[in-house]
Amino acid sequence: MARIFGIDLGTTNSLIAYMDGNTPRVIPGRHGRTMVPSVVALTDNGILVGDPAKEYLIRGSERTVYSVKRFMGRGLADVAEELKYFPYRLTEHGGVIRIQLGEKTYSPPQISAMILKELKLRAEAHLGEDVSKVVITVPAYFNDSQRQATKDAGMIAGLEVLRIINEPTAASLAYGLQKRTQGQIAVFDLGGGTFDISILKLKNGIFEVLSTNGNTHLGGDDLDRAVVNHFLKEIRTRHGFDVHGFPDTLQSVRLEAERAKIRLSDEQKTSVALDLPEGRGTFHSELTRDQLEALTKDLVEQTLAPCRSALQDAGLQPSDIDEVVLVGGSTRMPLVRRRVQDLFGKTPHSHLNPDEVVALGAAVQADILSGGIQDMLLLDVTPLSLGIETMGGVMSTLIRRNTTIPASAKEMFTTYVDGQTSVDIHILQGERELAKDNRSLARFQLKMPPLPAGVPRIEVTFLIDANGILNVTAKDVRTEKVQSIQVKPSYGLSDDEVERMIGESFKFAAEDLQARQLIEARTEAEAIIKATEKALQQGRQLISPDETQAIKASLAALEAARTQGDHKAIRARIADVEKATHHLAEVLMDHSLKEALENKKLSELT
Amino acid sequence: MARSMCWHCQSEVTGEYFCDRCVKVQPLSKDSDYFTCFALPRLLTIDAQTLETKFYELSRAFHPDFFQRKTDAEQAISLDNSALLNTAYRTLKDPIRRAEYLVQLEAGSVKDIRTSPPADLFEEILELQEDLDDFRAACSDDQTSERDRLRAKLMDKREHLERRQQTMESDLRSLFTTWDHLQTQDDRNQAVRAEKDATLKHMREILSNRTYLRNIVNDLTATIG
């Protein structure tokens with residue numbers, strides 16, 4: 001049987017992992033990095049994904065999509081408040097957000113599928129085997145629509161999604177495999193766009209989730225925004241300039257804010273410099289860790305209420321928790337660690353890399369599914385209550401939140417009027433009393449035999465499977481006949497649409513691969529030409545005229561190859577340039593080292 | 001749990017959950033209740049550790065994770081069995097839900113019983129509702145001293161109701177013991193049957209009163225904090 005891979009499809013970064021014997025491993029790309037930025041750019045050369053796409057954030061921001069996970073399974077009204085932060089254009093069609101890139105619009109699952117394909121290619125190149133079956137992780141607090149959208153993305157990418165698994169529980173599997181922990185643990189997962197808390201009981205290889213809670217719109221992106229707003233205010237005060245009209249600059253500010261935030265996890269103070277457009281000079285600023293904490297305090301505070309609810313639902317006190325595990329890049333922030341420690345009264349730990357642990361856990365789950373690991377079993381829960389709308393617009397709960405999945409509930413339906421031939425059913429998810437305050441999942445029509453009122457008896461089974469996804473079936477109790485149901489999702493792609501997108505994706509797959517390799521090679525060539533020209537300027541006097549000539553010749557050859565359509569030729573010329581500049585790079589390195597040393601001596605003297 | 005025939009090879013199934021001959025997983029019978037699902041007698045005292053151990057053991061037997069490479073039919077059985085098992089565990093784990101379920105199995109649904117207040121608390125609850133109305137009025141009119149007086153009064157009452165809940169729960173526990181003892185007696189004895197019915201009826205009444213009280217207390221807490 002083909003190997004099953006584990007994928008962490010993240011807001012900011014995505015990773016793919018597999019089981020190598022008894023050890024889960026994340027697969028690195030050509031440059032050794034394990035994380036693929038979850039960024040997709042539509043460039044003049046075609047579509048780019050990952051690191052090469054990230055460069056376009058600041059030079060083609062209107063056509064570069066990041067944080068698409070925030071839009072999965074959602075309608076436009078759900079994200080109305082944050083629309084202004086995104087440089088690309090969003091519309092809605094059939095309850096699904098569409099992203100405008102050039103002439104075409106794409107649904108979030110289609111964009112996610114491009115990221116998944118990138119991961120698939122990466123794994124295929126690394127292991128030299130076909131990648132077709134996967135486990136994909138989602139935030140534990142994702143609702144049915146968001147899970148379904150993730151599954152759709154997998155299908156569009158040509159993958160068979162064998163399981164959707166929750167990120168914090170995936171992390172617990174990776175931990176459990178390594179440490180063989182027993183007892184009650186809390187997994188605190190603050191990622192790029194989402195927050196989850198899960199409370200688990202680990203006993204003899206069983207990972208039983210007791211409760212989960214969270215916020216699917218709270219993460220590093222929101223922390224960055226707090227810093228961005230701070231910088232924008234400073235730019236306005238000092239330069240009298242509003243960046244909002246300049247999407248590329250706005251993205252530069254966002255990336256600088258993110259980097260500053262990351263640096264402040266290790267440092268107390270950091271400085272930021274960024275060029276303003278139209279010759280308005282350079283914006284310089286300093287940010288201290290105290291300032292960052294003041295800016296983000298309220299957001300970090302928002303993670304605590306879900307933690308308390310999760311504890312309460314599990315029937316536990318903070319002191320009952322034996323270990324607190326941190327997951328997600330945002331848990332590197334000292335403020336986050338302090339607040340978690342205050343709440344649980346113990347030092348949280350992160351023995352495994354918080355960026356990789358979810359992907360590693362997905363690989364563990366993949367191995368369980370393929371029959372490898374047999375002594376570990378994850379029993380997860382549904383994060384939100386599931387119900388139907390009843391008379392008077394009230395939600396009647398069928399399956400309560402934190403019920404172990406698979407879970408099912410049966411409900412009997414009948415008619416109110418003689419000869420009535422159908423009953424409308426509206427499925428909801430959420431914790432509020434009124435139907436309108438909860439998430440509408442789907443609607444369907446139950447067909448009724450034309451009989452006197454109250455006589456028909458149709459039994460509907462609502463089943464939440466091990467993916468946390470709802471399946472609905474109906475049966476006429478009198479005739480024992482099963483009725484097929486056409487469920488219309490409120491915030492999702494229809495089956496037909498998914499089919500069409502899969503078709504499109506396959507049709508273009510072969511061309512895609514060729515085009516992609518060419519685009520990547522071209523992008524890399526551009527970057528190398530730019531870097532080499534800069535190095536030549538700096539180091540011209542340090543090398544011989546012959547050497548300069550040789551480098552220039554290799555550059556010209558690369559430039560010529562770049563305009564041709566052969567990615568292999570471009571790669572070969574890139575290698576030539578790298579060879580020709582090898583000595584120059586060394587010389588420059590020595591030179592800057594020497595300079596640094598001299599400066600140091602100078603500063604030591606004074 | 002003898003079942004007549006294996007759905008797959010048609011041989012007789014004598015094992016608990018798998019066919020002896022072809023080792024295919026067997027569907028938990030549609031008629032099997034939560035107690036038989038765990039191979040437990042219909043007793044109300046259940047050791048939490050034993051139940052958990054059995055739950056984990058059955059989860060290992062049925063969970064869809066372990067049926068990924070099996071046929072569609074087996075996957076469907078694994079899914080249904082797991083869902084039933086999870087519901088059964090959730091019901092039997094909690095003593096109140098367990099009792100409600102048993103009463104329902106033995107003597108119809110508890111929910112069908114009236115939702116009027118317990119007779120001996122009738123007066124008290126009527127008075128409480130009036131106080132609650134006055135309190136809400138005092139809040140909206142900003143009458144601070146009246147509001148504080150009523151809050152103190154309501155808090156006293158809540159404490160009284162909560163003590164009452166505790167009494168109910170200890171009454172239930174002793175009924176559990178009675179029931180479990182009766183289950184060891186011969187059912188053909190008319191006196192035993194009569195006592196069983198009386199016990200069920202008593203439990204049903206307490207369960208229904210308890211639900212009623214709990215709603216009142218929740219309502220109180222939501223109003224006065």
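Calculation criteria
- Residues numbered from 1 in each chain as written.
- Chains lettered and ligands numbered in written order.
- Predicted model: local features only at pLDDT ≥ 70, side-chain atom pairs only at ≥ 80, totals over all residues.
- Heavy atoms only, no water.
- Helix = DSSP H or I, 4+ residues; strand = E, 2+ residues; numbered from the N terminus.
- Buried < 20%, exposed > 50% of the residue type's maximum accessible area, 1.4 Å probe, protein only.
- Pairing = 2+ DSSP bridges.
- Contact = heavy atoms within 4.5 Å.
- Domains from an automatic or database assignment.
- Buried area = accessible area lost by both parts, 1.4 Å probe.
- Salt bridge = Lys/Arg side-chain N within 4 Å of Asp/Glu carboxyl O.
- Polar contact = N/O pair within 3.5 Å; in protein donor to acceptor, adjacent residues only side chain to side chain.
- Nonpolar A, V, L, I, M, F, W, Y, C, P; charged D, E, K, R; others polar.
- Axes fitted to C-alpha atoms, helices over the stretch in contact; angles between N-to-C directions.
- Parallel < 35°, antiparallel > 145°, perpendicular 65-115°, else oblique.
- Core = buried A, V, L, I, M, F, W, Y, C linked by side-chain atoms within 4.5 Å.
- Phe/Tyr/Trp six-rings, centres within 6.5 Å; stacked < 30°, edge-to-face > 60°.
- Lys NZ or Arg CZ within 6 Å of the ring centre and 35° of its normal.

Remarks on the overall build of chain B
No. 1: Counting its secondary structure elements, chain B contains seven helices and zero strands.
No. 2: Of the regular secondary structure in chain B, the N- to C-terminal order runs α-α-α-α-α-α-α.
No. 3: Summarising its shape, the C-alpha atoms of chain B cover approximately 80 × 50 × 30 Å along the three principal directions.
No. 4: Relative to its 225 residues, chain B shows a buried fraction of 40%.

Let's talk about the sheet that holds strand S26 (residues 470-476) of chain A
Residues and elements named next belong to chain A.
No. 1: Read from one edge to the other, the open sheet built from four strands follows the order S22-S25-S26-S27, with strand pairing classed as antiparallel. The sheet is open, and its two edges are formed by strand S22 (407-413) and strand S27 (482-483), each paired on a single side.
No. 2: For S26 and S27, the ladder comprises two bridges, and the chain directions are antiparallel. Opposite Ala474, over in S27, you have Gln483 as the bridge partner.

Quick notes on the environment of Arg122 of chain A
All names here are of chain A.
No. 1: When you line up the elements, Arg122 lands in helix H2 (residues 108-127).
No. 2: Look at Arg122 and you get buried, because its relative accessible area is 15%.
No. 3: Sequence separation between Arg122 and Val36 is 86 residues; the distance between their C-alpha atoms is 9.7 Å.
No. 4: Apart from residues no more than four positions distant in its own chain, Arg122 is found in contact with Ile16, Ile27, Pro28, Gly29, Arg33, Thr34, Met35 and Val36.

Overview of the domain arrangement of chain A
Residues and elements named next belong to chain A.
No. 1: If you check the domain split of chain A, you get domain 1 (4-218 + 302-379), domain 2 (220-300), domain 3 (386-502) and domain 4 (509-605).
No. 2: Between the C-alpha centres of domain 1 and domain 3 the distance comes to 29 Å.
No. 3: Interface of domain 1 and domain 3: buried area, both sides summed, is about 2100 Å²; carbon and sulfur atoms make up 48% of it.
No. 4: Of all residues in domain 1, Asp144, Ile156 and Asp313 give up the largest surface area on contact with domain 3, accounting jointly for 22% of the area buried on that side.
No. 5: Summed over the shared surface of domain 1 and domain 3, the result is three salt bridges.
No. 6: Glu497 is paired through a salt bridge with Arg98; the nearest N and O atoms lie 2.9 Å apart.
No. 7: Between the two partners, domain 1 and domain 3, sit 10 residue pairs in polar contact (both at pLDDT 80 or more).
No. 8: Sorting the residues of the side of domain 1 that touches domain 3 by element identifies strand S9 (96-101), H2, helix H3 (144-156), strand S12 (160-166) and strand S15 (206-215) as the ones contributing at least two each.
No. 9: Ranked by residue count, the leading element in the side of domain 1 that touches domain 3 is H3, at eight residues.
No. 10: Of the residues in the side of domain 1 that touches domain 3, the class split is eight nonpolar, 11 polar and nine charged.

Brief notes about the environment of Leu121 of chain B
Residues and elements named next belong to chain B.
No. 1: Of note, Leu121 is situated in the loop between helix H4 (95-107) and helix H5 (122-141).
No. 2: Sequence spacing of Leu121 and Arg164 is 43 residues, and the spatial spacing of their C-alpha atoms is 10.0 Å.
No. 3: Setting aside its immediate chain neighbours within four residues, Leu121 contacts Arg164 and Leu213.

Examining the pattern of salt bridges
Residues and elements named next belong to chain B.
No. 1: Summed over the entire model, instances satisfying the criterion amount to 47 salt bridges over all chains.
No. 2: Salt-bridge contacts for Lys54 lead to Glu57; the nearest nitrogen and oxygen are separated by 3.9 Å. With Lys54 and Glu57 both in helix H2 (residues 48-62) and three residues apart, this pair spans about one turn of that helix.

Examining the sheet that holds S9 of chain A
Residues and elements named next belong to chain A.
No. 1: Reading across from one edge, S8-S9-S10 is the order of the three strands in this open sheet, with antiparallel pairing throughout. Pairing within the sheet leaves two strands with one partner each, and these edge strands are strand S8 (89-93) and strand S10 (104-106). Going from strand to strand, the sheet's axes swing by 40 degrees on average, the running direction of each strand aside.
No. 2: Inspection of the sheet shows S9 paired to S10 by three bridges, in the antiparallel sense. Note on S10: the bridge partner recorded for Leu101 is Lys104.

A few points about the interface of chain A and chain B
Interfaces are often sized by the accessible area lost when the parts come together.
No. 1: Across the contact, 32 residues belong to chain A and 20 residues belong to chain B.
No. 2: The interface formed by chain A and chain B contains three salt bridges.
No. 3: One salt bridge connects Lys203 of chain A with Glu52 of chain B, and the closest N-O pair in it is separated by 2.6 Å.
No. 4: Connecting chain A to chain B are 10 residue pairs in polar contact (both at pLDDT 80 or more).
No. 5: Among the secondary structure elements, those contributing two or more residues to the side of chain A that touches chain B are S12, strand S14 (195-203), S15, helix H10 (357-369), strand S19 (377-379) and S22 of chain A.

Description of the packing of helix H4 (residues 167-179) of chain A against H10 of chain A
The relative placement of two packed helices comes down to the angle between their axes together with the axis-to-axis distance.
Residue and element names in this part refer to chain A.
No. 1: Interaxial distance between H4 and H10 falls to 7 Å at its minimum, and their mutual angle equals 75 degrees. Comparing the axis directions of H4 and H10 gives the class roughly perpendicular. Together, Glu167, Ala170, Ala171, Leu173, Ala174, Tyr175 and Leu177 of H4 and Val357, Val358, Leu360, Gly361, Ala362, Val364 and Gln365 of H10 make up the contact between the two elements.
No. 2: Tallied by class, residues from the contact of H4 with H10 come to 11 nonpolar, two polar and one charged.

Details of the nonpolar core
No. 1: Within the largest apolar cluster, 55 residues are counted, with the highest numbers of intra-cluster contacts made by Ile7 and Leu116 of chain A.
No. 2: Sort the elements by how many residues they give to this core and H2 of chain A lands first, with seven residues.
No. 3: Two domains each provide a minimum of three residues to this core, namely domain 1 (4-218 + 302-379) and domain 3 (386-502) of chain A.
No. 4: Those residues in contact with Ile7 of chain A, other than ones at most four positions away along the chain, are Leu15, Ile16, Leu116, Leu119, Val134, Val135, Ile136, Thr137, Leu159 and Ala362 of chain A.
No. 5: Counting residues in hydrophobic clusters, the runner-up holds 52 residues, among them Tyr34, Phe35, Ala61 and Ala88 of chain B.

Here's the deal with the pairing of S9 of chain A
Residue and element names in this part refer to chain A.
No. 1: Among the six residues of S9, five are classified as buried, and the element is accordingly described as predominantly covered.
No. 2: Two strands pair when backbone bridges link them, and S8 and S9 are joined in this way by five bridges, in the antiparallel orientation. Residue pairing in the sheet places Arg89 in a bridge with Gln100 of S9.
No. 3: Where S8 folds back onto S9 in an antiparallel hairpin, the turn is made up of two residues, including Gly94, whose phi is positive at roughly 60 degrees.

Observations concerning the packing of aromatic side chains
What characterises a pair of aromatic rings is the spacing of the ring centres plus the angle enclosed by the ring planes.
Residues and elements named next belong to chain A.
No. 1: Overall, the coordinates contain 15 aromatic pairs over all chains when judged by the stated rule.
No. 2: Ring centres of Phe5 and Tyr18 lie 6.4 Å apart, and the angle between their planes is 40 degrees; this geometry places the pair in the tilted category. Note that Phe5 is positioned in strand S1 (residues 4-9) and Tyr18 in strand S2 (residues 13-20), a separation of 13 residues in sequence. Like Tyr18, Phe5 is buried.
No. 3: Measuring from ring centre to ring centre gives 5.4 Å for Tyr66 and Phe86, while their planes differ by 40 degrees; the resulting arrangement is tilted. Of the two residues, Tyr66 is situated in strand S7 (residues 64-66) and Phe86 in the loop between S7 and S8; the sequence distance between them amounts to 20 residues. Across this residue pair, the class does not change: Tyr66 and Phe86 are buried.
No. 4: Ring-pair connections join several aromatic residues into one group, and the members of that group are Tyr66, Phe71, Phe86 and Tyr88.
No. 5: We note Arg439 situated over the ring of Tyr491; from NZ or CZ to the ring centre the distance is 3.7 Å.

Description of the domain arrangement of chain B
All names here are of chain B.
No. 1: You can read the domains of chain B as domain 1 (1-93) and domain 2 (113-224).
No. 2: Of the residues lining the interface, four residues belong to domain 1; the matching set on domain 2 comes to five residues.
No. 3: Taken together, the two surfaces of domain 1 and domain 2 that pack against each other cover about 430 Å², and 58% of this comes from carbon and sulfur.
No. 4: Taken as a group, Arg42, Leu43 and Leu44 account for 86% of the area that domain 1 buries against domain 2, more than any other trio of residues on that side.
No. 5: Scanning the region where domain 1 abuts domain 2 turns up zero salt bridges.
No. 6: The interface formed by domain 1 and domain 2 holds four residue pairs in polar contact (both at pLDDT 80 or more) in total.
No. 7: Its residues placed into classes, the side of domain 1 that touches domain 2 shows two nonpolar, one polar and one charged.

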